[in-house]
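What follows is each chain in one-letter form.
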Amino acid sequence: MPGQFAKAAVEGLIAKRTVRHVSPTASAGVTLDATDQVIRVTTPASSVGIITMSPTPMCGGKFYSFYVDSDGGGEVQIVSANAVDLVGDNLGAAADKVLLYCDGMSWFLLFDTTS
């Protein structure tokens, strides 16, 4: 019966992955849950909004993709739980994309098309 337990565990992980739409602002940043792995972003009107990732131990073995749906004129910065910039360039235009990976100890920037 070990195969049934493994199958149940995998199905549970798949079911917990969510798509989240966020609109962070300078005064009201967004902190993501470890299951928020597909993030659709609307940039703020004129400031820099902050998206804060969950702590690395909670995110180990997961990929996180970000896509700017709508450009409000401002920018969005993605930071770790301890406020370290993870991308180096902010999301600032429609169709900007970022792909991050976490191994449980560190974040890795795998893909970045920011303007």
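Here is what the cut-offs are and how they apply
Residues numbered from 1 in each chain as written. Predicted model: local features only at pLDDT ≥ 70, side-chain atom pairs only at ≥ 80, totals over all residues. Heavy atoms only, no water. Salt bridge = Lys/Arg side-chain N within 4 Å of Asp/Glu carboxyl O. Helix = DSSP H or I, 4+ residues; strand = E, 2+ residues; numbered from the N terminus. Buried < 20%, exposed > 50% of the residue type's maximum accessible area, 1.4 Å probe, protein only. Polar contact = N/O pair within 3.5 Å; in protein donor to acceptor, adjacent residues only side chain to side chain. Pairing = 2+ DSSP bridges.

## Considerations on the pattern of salt bridges
Inference 1: For the structure shown, the criterion picks out two salt bridges.
Inference 2: One salt bridge connects R20 with D36, and the closest N-O pair in it is separated by 3.0 Å. Of this pair, R20 sits in strand 1 (residues 18-22) while D36 sits in strand 3 (residues 36-42); the two residues are 16 residues apart in sequence, bridging distant segments of the chain.
Inference 3: A relative accessible area of 6% places D36 in the buried class.
Inference 4: Across the pair R40 and D69 runs a salt bridge whose closest N-O atoms are separated by 2.7 Å. In this pair, R40 sits in strand 3 while D69 sits in strand 5 (residues 62-70), placing the two residues 29 residues apart along the sequence.
Inference 5: Classification of R40 as partly exposed rests on a relative accessible area of 28%.

## Details of the side chain of Q37
Inference 1: In this structure, Q37 sits in strand 3.
Inference 2: Residue classification places Q37 among the buried residues on the basis of a relative accessible area of 8%.
Inference 3: At a separation of 2.9 Å, a polar atom in the side chain of Q37 contacts the main-chain carbonyl oxygen of F63.

## Structural notes on the sheet that holds strand 2 (residues 30-31)
Inference 1: Spatially, the three strands line up as an open sheet ordered 2-4-6, and their pairing is parallel. On the outer flanks of this sheet lie strand 2 and strand 6 (75-79), each paired with one strand and no other.

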